[in-house]
Each structure stands twice: as structure tokens, then as C-alpha cells.
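Architecture and fold: a report
Residues per chain, in single letters:
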Amino acid sequence: VYMGVPGHLATSTSQEENDLLLSLIPDVNAAVWLGGFDASGDYFDSNLDDWSWVTGEAFSYSNWADGEPSLPNENYLQIFGGSVNTNVYGVSPGEWNNVIDEYTSGSQPYAIRGYLVEYEISQIPIPPALWLFGSGLLGLVGVARKKAA
């Protein structure tokens, strides 16, 4: 929760969403957390069918780097930032890697340097919005009548 607005680690359910997330981290020469995890909790399994999003959305899209997910005890998801050196590390910006939950140090791009959060901003329901609009119009009509009299 930030300033009263609930949020969660970002999810990427399409190439368009992945591109949007990458556009938010263009200068990051490391990786940041996403809201994906290996739901099996089995530290000896890297079955792709076990991956889930924190929101419960279907894990039907993925952008894994070559050979990922790899190690079976790496149950959390990271996305590589836009400044990752592809020639040195063999990964490309926007690609995913599975990682352990405490990999936050080091200078290589696998070190987690932040996270992306989606905030659930609800819209004003139509009936209250109409009431507010109507009240404003009535107030303007009242002011106009007062000036005319």
C-alpha cells in the first residue's frame, strides 16, 4: 500500500506488458523483481507449469532468457533492465530469470536492484460521478439566477 492505494509486484501477461515494464527500467544494468513465483514450493523442480503470478492471473506468457528457468531452488522471477550488457552476460533487456529470494548483492545483472509495482487504482463509480456533476450544474444555475435577479 502506498498513500492508501493497494499494489502488488508487477505481472507481465503479454509482450506489450513486458515492453511497458522494460520501458520503466531503461537505465538499469541489473534486474528487478516481478510478481512471478514457482507455486509448487518444491525446491527440486523447475517445471514451467508450476509458475504463477501474485495476482492469480494465468501464467500463459513468458519471456525467459535462454536456459531459464534453471536451478530448482530459484523460485522467484526477475526481469533484466534496459542497460544489461548482452555481450557480457548473454541475456537481453526484458528477458526473465528465476532467482532465489535473497539475491540482492553483487555486481552482475542477476543481483536484484529494485522492483516494479502495479497499483490498483479504482475509478469513481458512475452514479456518484453523475451526482457530483449534477450538483455542480445545480450550483452554477443557482449562481446564474442570483446574478440575474
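Up top is the structure these notes are about.
All figures in this text were calculated on a predicted structure; none of them were measured in a lab.

**Considering the nonpolar core**
Core analysis: the largest hydrophobic core is formed by 15 residues, its most contacted members being Leu 34, Phe 59, Leu 77, Ile 79, Trp 96 and Leu 116. Of all the elements in the fold, those that place two or more residues in this core are helix H1 (15-23), strand E2 (31-38), strand E3 (51-53) and strand E4 (76-80).

**Describing a nonpolar patch on the surface**
A cluster of nonpolar side chains, contributed by Tyr 2, Met 3, Tyr 115, Val 117, Tyr 119 and Ile 121, occupies part of the molecular surface with about 740 Å² of accessible area. With respect to the helices and strands, Ile 121 occurs in the loop between strand E7 (117-119) and helix H3 (126-148).

**Looking at H1**
Side chains of residues three or four places apart in an α-helix project in the same direction, reflecting 3.6 residues per turn. Of the residues making up H1, those classed as buried are Asn 18, Leu 21 and Leu 22. Angularly, the buried residues of H1 cover 100° about the axis, an arc narrow enough to put them on a single face. Each element contacted by the buried residues of H1 is listed here: E2, E4 and strand E5 (96-99).

**Here's the deal with a negative patch on the surface**
A cluster of acidic side chains, namely Glu 16, Glu 17, Asp 19, Glu 57 and Glu 120, defines a negative patch on the protein surface. Assignment of secondary structure puts Glu 16 in helix H1. Judged by relative accessible area, which is 60%, Glu 16 ranks as exposed.

**Brief notes about the pairing of E2**
Within E2, seven of the eight residues are buried, which leaves it mostly tucked inside the rest of the structure. Here E2 runs beside E4; their pairing, made up of four bridges, is antiparallel. Considered in E4, the bridge of Phe 37 is made with Tyr 76. Across two bridges, the pairing between E2 and strand E6 (residues 112-115) is parallel. Looking across to E6, one finds that Ala 31 is bridged to Ile 112. Summarising the sheet, E2 and E3 pair through three bridges and their orientation is antiparallel. By the bridge assignment for E3, Gly 36 is matched with Trp 53.

Parameters at a glance
- Residues numbered from 1 in each chain as written.
- Predicted model: local features only at pLDDT ≥ 70, side-chain atom pairs only at ≥ 80, totals over all residues.
- Heavy atoms only, no water.
- Core = buried A, V, L, I, M, F, W, Y, C linked by side-chain atoms within 4.5 Å.
- Buried < 20%, exposed > 50% of the residue type's maximum accessible area, 1.4 Å probe, protein only.
- Helix = DSSP H or I, 4+ residues; strand = E, 2+ residues; numbered from the N terminus.
- Patch = residues over 30% accessible without salt bridge, like charges linked within 9 Å, V, L, I, M, F, W, Y side chains within 5 Å.
- Areas by Shrake-Rupley, 256 points an atom, 1.4 Å probe, with all protein chains shown as cover.
- Salt bridge = Lys/Arg side-chain N within 4 Å of Asp/Glu carboxyl O.
- Arc of directions from axis to C-beta.
- Contact = heavy atoms within 4.5 Å.
- Lys, Arg positive; Asp, Glu negative; His and termini not counted.
- Charge placed at Lys NZ, Arg CZ, Asp CG, Glu CD.
- Pairing = 2+ DSSP bridges.

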